[in-house]
Amino acid sequence: MSSSEFHHPKRSRMYSGSTRNAALSLCDCERSVDVHSIASYAILSNMWYLWFMRMTYSAACRMKQILLFCLFSLCHFVTAAEERSKQPNIIFIFADDWGWGDLSLHGSTFCKTPNLDSLAKTGTDFHGFSVASGVCSPSRAAIMTGHYPARYGIHQHFATLKHHLKTDMPDWLPPDGVMLPRLLKQAGYVTAHFGKWHLTNIEIKDAPLPADYGYDESCVFNGPGPQVNANPNVDKPLETDMAIDFIQRHKNKPLFINLWIHSTHLPHYPTERWMEKFKELDEKKRVYAAVVAEADERIGAVLKKLDEIGIADNTLVIFSSDNGPEDTGSDKTKGDASTGDGLANYYSVGTTGGLRGRKRSLFNGGVGVPFLARWPGMIPEGRTDTSSVLTGVDILPTLCAIAGAKLPPDYTPDGVNILPALRGEKFDREKMIFTEWRPGGKDVNWPQLGVRDGKWTLLMKLDGSRVELFDTSIDRSQRRDHSHPIGYAWRATSLELAMI
Ligand SMILES: [Ca+2]
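Residues numbered from 1 in each chain as written. Predicted model: local features only at pLDDT ≥ 70, side-chain atom pairs only at ≥ 80, totals over all residues.

(A) Representation of the overall build of the protein chain within the structure. For the protein chain, the helix and strand inventory stands at 14 helices and 16 strands. Counting across all 500 residues of the protein chain, residues that qualify as buried make up 48%. The contacts in the protein chain between residues at least 6 apart in sequence include a share of 66% that link residues at least 24 apart. (Helix = DSSP H or I, 4+ residues; strand = E, 2+ residues; numbered from the N terminus. Buried ≥ 20, exposed ≤ 12 C-beta atoms within 10 Å, placed from the backbone. Contact = placed C-beta atoms within 7 Å.)

(B) Seen up close, helix 4 (residues 136-145). Summarising burial for helix 4: 10 of the 10 residues are buried, a large majority. Along helix 4, the positions that sit buried rather than exposed are C136, S137, P138, S139, R140, A141, A142, I143, M144 and T145. Buried residues belonging to helix 4 abut strand 1 (89-95), helix 6 (180-186) and helix 11 (395-403). Of the residues trailing helix 4, G146 is marked for its positive phi of about 70 degrees.

(C) Molecular detail of the nonpolar core. Of all hydrophobic cores here, the largest spans 115 residues; its most connected members are I93, L184, A243, I257, L259, L399 and A403. The element best represented in this core is helix 9 (residues 283-308), accounting for 12 residues. Counting contributing residues, this core receives three or more from each of domain 2 (87-429) and domain 3 (440-499). For I93, the residues in contact, after removing those within four places along its chain, are L259, I261, I299, I318 and F319. (Core = buried A, V, L, I, M, F, W, Y, C linked by C-beta atoms within 7 Å. Domains from an automatic or database assignment.)

(D) A look at unusual backbone geometry. The peptide bond linking S263 to T264 adopts the cis configuration, its omega dihedral lying at 5 degrees. On the secondary structure map, T264 appears in the loop between strand 6 (255-260) and helix 8 (272-277). Going from L266 to P267, the amide bond is cis rather than trans, its omega being -10 degrees. The backbone of D168 shows a phi angle near 60 degrees, a positive value even though the residue is not glycine. Relative to the assigned elements, D168 resides in the loop between helix 5 (161-167) and helix 6. Its 9 C-beta neighbours within 10 Å are what place D168 among the exposed residues.

(E) Representation of the sheet that holds strand 7 (residues 315-321) in the model. Pairing is mixed in the open sheet, where 8 strands are placed in the order 5-4-6-1-7-10-2-11. Unpaired on one side and paired on the other, strand 5 (217-221) and strand 11 (383-385) mark the two borders of the sheet. Averaged over all pairs of adjacent strands, the angle between their axes in this sheet comes to 10 degrees, without regard to strand direction. Both strand 4 (residues 190-196) and strand 6 contribute to a ladder of 6 bridges, which runs parallel. Each residue of the ladder has a partner; that of V190, found in strand 6, is L255. (Pairing = 2+ DSSP bridges. Axes fitted to C-alpha atoms, helices over the stretch in contact; angles between N-to-C directions.)

(F) Quick peek at helix 7 (residues 239-249). Turning to helix 7, its buried residues are E239, T240, M242, A243, I244, F246 and I247. Along its buried surface, helix 7 packs onto strand 4, strand 5, strand 6 and helix 9.

(G) Structural view of the pairing of strand 6. Most of strand 6 sits inside the fold, with 6 of its 6 residues counted as buried. Going residue by residue along strand 6, you find L255, I257 and L259 tucked away on one face and F256, N258 and W260 tucked away on the opposite face as well.

(H) Molecular detail of the packing of helix 7 against helix 9. Interaxial distance between helix 7 and helix 9 falls to 9 Å at its minimum, and their mutual angle equals 5 degrees. Here helix 7 is positioned roughly parallel relative to helix 9, judged by the angle of their axes. Residues T240, A243, I244, I247 and Q248 of helix 7 form the contact with helix 9, whose own contacting residues are R298, I299, A301, V302, K305 and L306. Classifying every residue of the contact of helix 7 with helix 9 gives 7 nonpolar, 2 polar and 2 charged. (Parallel < 35°, antiparallel > 145°, perpendicular 65-115°, else oblique. Nonpolar A, V, L, I, M, F, W, Y, C, P; charged D, E, K, R; others polar.)

(I) A look at the confidence of the model for the protein chain. In this model, the protein chain carries a mean pLDDT of 85, and residues with pLDDT of at least 70 account for 80%. Scored below 50 in pLDDT, residues 1-61 shows 51 contacts in the model against residues more than four places distant or in partner chains. Contacts of residues 66-84 to residues separated by more than four positions or lying in other chains number 16 contacts, the stretch itself having pLDDT below 50. (pLDDT = per-residue confidence, 0-100.)

(J) Main features of the pairing of strand 4. A large share of strand 4 lies buried, amounting to 6 of its 7 residues. As paired elements, strand 4 and strand 5 share 5 bridges and run parallel to each other. In the strand pairing of strand 5, H193 is matched with S218.

(K) Quick look at the packing of helix 3 (residues 114-121) against helix 9. Contact geometry of helix 3 with helix 9 gives a least axis separation of 7 Å together with a crossing angle of 50 degrees. One finds that helix 3 runs oblique with respect to helix 9. Contacts between helix 3 and helix 9 involve P114, N115, L116 and L119 from the former and D296, E297, I299, G300 and L303 from the latter. Of the residues belonging to the contact of helix 3 with helix 9, the class tally is 5 nonpolar, 2 polar and 2 charged.

(L) Just the environment of K279, in detail. Within the secondary structure, K279 is located in the loop between helix 8 and helix 9. Judged by the 8 C-beta atoms lying within 10 Å of it, K279 is exposed. Once the C-alpha coordinates of K279 and A290 are considered, the two residues, 11 residues apart in sequence, prove to be 9.6 Å apart.

(M) Local environment of the sheet that holds strand 13 (residues 433-436). Across the sheet, 4 strands lie side by side as 13-14-15-16; this open sheet has antiparallel pairing. Looking at which strands have only one partner, the edges of the open sheet turn out to be strand 13 and strand 16 (467-471). Adjacent strand axes in the sheet meet at a mean angle of 15 degrees when their direction is disregarded. Two strands pair when backbone bridges link them, and strand 14 (residues 449-453) and strand 15 (residues 456-460) are joined in this way by 5 bridges, in the antiparallel orientation. Looking at strand 15, one finds that V451 is bridged to L458.

(N) Broad picture of the environment of P114. Inspection of the secondary structure assignment puts P114 in helix 3. Sequence separation between P114 and S104 is 10 residues; the distance between their C-alpha atoms is 7.4 Å.

Next comes the structure, spelled out in structure tokens:
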């Protein structure tokens, strides 16, 4: 429900009500003035006394009218302020290729993430969150739409026109559908997107602008419109700097920021300062740890800004990642048309914390990502949730519920409102979760379709020629295959994915 929809009718009702009450009060007063005037005339036969009484009562009535008006105005102001205060600020930090194990609190042996650890300690660390795909674009489309990306034909990442023709993909996420930022904007939020876009590709020159999706402000890379720097070695504002500035300028409004940071995607841009701090590590870990720590520090600066201006208590902050860690390779340097040259996958030694698979995989190491959430007074502090099953398409219905944003009547999200889980309440998921990775099928990263129902996760090839079934509730690392003898029944269930 938008702010205007929510507040204006109420204000209208209250204003007309106060006017009507004031008018009735005035009539009552004038009637009583007349009665008193006649009585006074009859008793005292004194015109000045009549005049005095009329003036006194008229003044009293006017004063009463003014007081009533002020009272109702104040009531409205307080009510509006209360409603506004119920709308928390929302900052959704979406890292890029950040593995589940790339956090100190998740047991990384070389990454240092004190600020993210602190975020978890003042909020809840959810271990059961997954994204819709093992790569960027489909996972991000799910966040924006609350729908599985297959509905939009987004089976893998956005790239070139030739790639899209070959893979039967659109050139961008259609902007005219239901979009999270637009719904929040309609609910009274000021909305911004800073950092990675990848809901099209920098190679696509006529793609819609972020504003077409419902953003008031944007500054992106790998997308259209104003570009933001992604390399901390370049003396230009980074996505987190943009977010801090935005927060400062809009501290008195409910704000929503999609803060989609570059780290730990390729190319890597380690800074000299952080490389020096990790000089004891080997070459690969040193680069990766430097990239992670630098990003963690800048996320800490965003959190510090919330504290400084006193809005941290009314701000929901979520940290997550669009997919698992990049594969370690042999290339040491890499160019990038959007963010510039840097170091390559030789240094990509991110970890999944023991989960099977990595980026470009539907195994849990590819789609099981960190999910830290902090909202003081609403989300329990210092808690670890290992049981709630959450996924990317839940973000839209959940944030809309939190913001008081009404979903269109002809729209049904694929996800569910996970606010009970966020609040630490019992949460039993009823809807299944689907994943898709069309380029899969080869020996490496072979699952192409995935479905989770309750504790069970089924992964399969498109033609059903290979199936594996896991009890993900007790086997997050997906090592024990239960596909026989009940796998065949699950094949039929999983075919629902193909019909989305
Ligand atoms: Ca990614």
